[in-house]
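Overview (structure and organization)
This is what each chain is made of:
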Amino acid sequence: MKKARVGILISGRGSNMASLVEASKAPDSPYEVALVASNVPDAPGLDFARKQGIATWAQSHIGMKRAEFDELVDAELRAAGVEYVALAGYMRLLSPGFVRKWAGKMINIHPSLLPAYKGLDTHQRVIDAGEAKHGCSVHIVTEALDDGEIVAQAEVPVLPGDDAHMLAARVLVEEHKLYPAALARLVRGK
Ligand code: GRF
């Protein structure tokens, strides 16, 4: 079976990217990682990707128009033969044109049980609201932030005494399982 070629966009640590890369090594993985791209040239995750022998591309978006920068990213993805895009801590809003080009083929992981808690600082906001449950979601990327069809979710409890770091760590364990599984399902067409 020919494996689907996936491009991953990161801006930072890249632990979700790493989990996608690790899962792609399984012989029965339906995808391979063709490119890791970043808008932050010193994003720590790029080192991991390079050490894995994965092609990387990085350029700062600073000083460029959003659509112009996204065209560059799109060109890199196409040149690498990418068929699906996974956003993994990519801290940038995407231009409508870019989103349209990858419609139905681009997913994101977000640390909340969407549609609740879109945006930033989800862990602290969940604690402040006194929620009993939190988690993460994988969704199809649309023009609106953290919107689009939810394709997978995992829940964790919020425990007494949790601070945002403790809660984030509990959610992250689930993110690292959920994202590879959701990506595999997407590329299998399920
Ligand atoms: C994760 O919590 C992810 O859900 C969110 O940003 C964080 C990225 O972490 N979109 P990492 O760079 O994948 O380690």
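The shown structure was predicted, so the numbers you read here are calculated from the model rather than taken from an experiment. Throughout, a residue's number is its position along its own chain's written sequence, starting from 1. In keeping with the predicted nature of the model, local features appear solely for residues at pLDDT of at least 70, side-chain atom pairs appear and are counted solely at 80 or more, and the whole-chain, interface and lining totals rest on all residues. Computation of side-chain values covers all heavy atoms of the structure but excludes hydrogens and water.

Helix and strand definitions follow DSSP, with helices as H or I runs of at least four residues and strands as E runs of at least two, each counted in order from the N terminus. Looking only at helices and strands, one finds six helices and seven strands in the protein chain. Along the chain direction, N to C, the helices and strands of the protein chain fall in the order β-α-β-α-β-α-β-α-β-α-β-β-α. Since a compact globule built from 190 residues should have a radius of gyration of about 16 Å, the 16 Å found for the protein chain is in line with a globular shape. Partly exposed residues are those whose accessible area sits between 20% and 50% of the maximum for their type, while under 20% is buried and over 50% is exposed, using a 1.4 Å probe and protein chains only. For the protein chain, buried positions account for 47% of its 190 residues. The contact rule is simple, with two residues in contact once any of their heavy atoms fall within 4.5 Å. Looking at the protein chain alone, contacts between residues at least 24 apart form 62% of all its contacts between residues at least 6 apart. Across the protein chain, the centroid of the 22 positively charged side chains sits 5 Å from that of the 23 negatively charged ones. Atoms counted for the radius of gyration: C-alpha only. Globule rule: 2.2 Å times the number of residues to the power 0.38. The positive count covers Lys and Arg only, the negative count covers Asp and Glu only, and His and the chain ends enter neither. Charge positions are represented by NZ for Lys, CZ for Arg, CG for Asp and CD for Glu.

By the criterion of burial, strand β5 (residues 106-110) is predominantly enclosed, with five of the five residues buried. Burial along β5 is two-sided: M106, N108 and H110 and I107 and I109, pointing in opposite directions, are all buried. Paired strands, in this sense, are two strands between which DSSP finds at least two bridges. Sheet topology places strand β4 (residues 84-87) next to β5; three bridges connect them, and they run parallel. Residue pairing for β5: V85 is matched across the bridge by M106. In this sheet, strand β6 (residues 133-140) lies alongside β5 in antiparallel orientation, the contact comprising four bridges. Across the sheet, the residue bridging to N108 is H139, located in β6.

So, on to helix α1 (residues 15-24). Of all 10 residues in α1, eight are buried, a share of seventy percent or more. Those residues of α1 that sit buried are S15, N16, M17, A18, S19, L20, V21 and S24. Of the surrounding elements, those touching the buried residues of α1 are β1 (4-10), β2 (31-38), α2 (44-51), β4, β5 and α6 (164-187).

For the rest of this paragraph, the subject is the packing of α1 against α6. Contact geometry for α1 and α6: axes closest at 9 Å, N-to-C directions at 50°. With respect to their mutual orientation, α1 and α6 come out oblique. Here the hand of the crossing between α1 and α6 comes out right-handed. On α6, the residues touching S15, N16, S19, L20 and A23 of α1 are L172, E175, H176, Y179, P180 and L183. To define axes, lines are fitted to C-alpha atoms, for helices over the stretch in contact only, and angles between the resulting N-to-C directions are given on a 0 to 180 degree scale. An angle below 35 degrees is treated as roughly parallel, one above 145 as roughly antiparallel, one from 65 to 115 as roughly perpendicular, and anything else as oblique. Crossing handedness follows the turn of the near helix against the far one: under a right angle anticlockwise gives a left-handed crossing, and clockwise gives a right-handed one.

Looking at the secondary structure, you find S112 in the loop between β5 and α5 (122-128). S112 gets classed as buried once you look at its relative accessible area, which sits at 0%. Polar side-chain contacts of S112 include one of 2.6 Å to the backbone oxygen of A116. In contact with S112, not counting residues within four places along its chain, are Y117, T122, H134, G135, C136 and S137. By the criterion applied in these results, polar contacts are pairs of N or O atoms within 3.5 Å in which, for protein atoms, one can donate a hydrogen and the other can accept it, and in which residues neighboring in sequence qualify only through two side-chain atoms.

When a carboxyl oxygen of Asp or Glu lies within 4 Å of a side-chain nitrogen of Lys or Arg, that pair is called a salt bridge. Scanning the entire structure with this criterion turns up 12 salt bridges. Residues K101 and D74 are paired through a salt bridge, measuring 3.7 Å at the closest nitrogen-oxygen approach. Here D74 lies in helix α3 (residues 66-79) and K101 lies in helix α4 (residues 96-101), a separation of 27 residues in the sequence. Put simply, D162 and R170 hold a salt bridge, and the shortest N to O gap is 2.7 Å. A relative accessible area of 22% places R170 in the partly exposed class.

Stacked, tilted and edge-to-face pairs are distinguished by plane angle, under 30 degrees for stacked and over 60 for edge-to-face with tilted covering the rest, among Phe, Tyr and Trp rings (Trp via its six-membered ring) whose centres lie within 6.5 Å. The final tally for this structure, using the stated rule, is one aromatic pair. Their ring planes at 40° and their centres at 6.1 Å tell us that W57 and F69 sit as a pair that is tilted. Placement of the pair is W57 in strand β3 (residues 56-58) and F69 in helix α3, with a sequence separation of 12 residues. Like W57, the residue F69 is buried in the burial classification. The residue whose ring lies beneath R78 is W102, and the NZ or CZ to ring-centre distance is 4.0 Å. Only lysine NZ and arginine CZ atoms are considered, and such an atom sits over a ring when it is within 6 Å of the ring centre and within 35 degrees of the ring normal.

One finds I8 and V36 to be the most contacted residues of the largest nonpolar core, which totals 36 residues. When residues in this core are grouped by element, the largest group, eight residues, is from α6. Not counting the four nearest positions on each side in its chain, I8 is found in contact with M17, L20, V33, L35, V36, A37, A86 and A88. What makes a nonpolar core is a set of buried Ala, Val, Leu, Ile, Met, Phe, Trp, Tyr and Cys residues whose side-chain atoms join them at distances within 4.5 Å. Counting 19 residues, the second largest nonpolar core, distinct from the first, contains F69, F98, V99 and V141.

In short, shape yes, function no, at least from these values alone.
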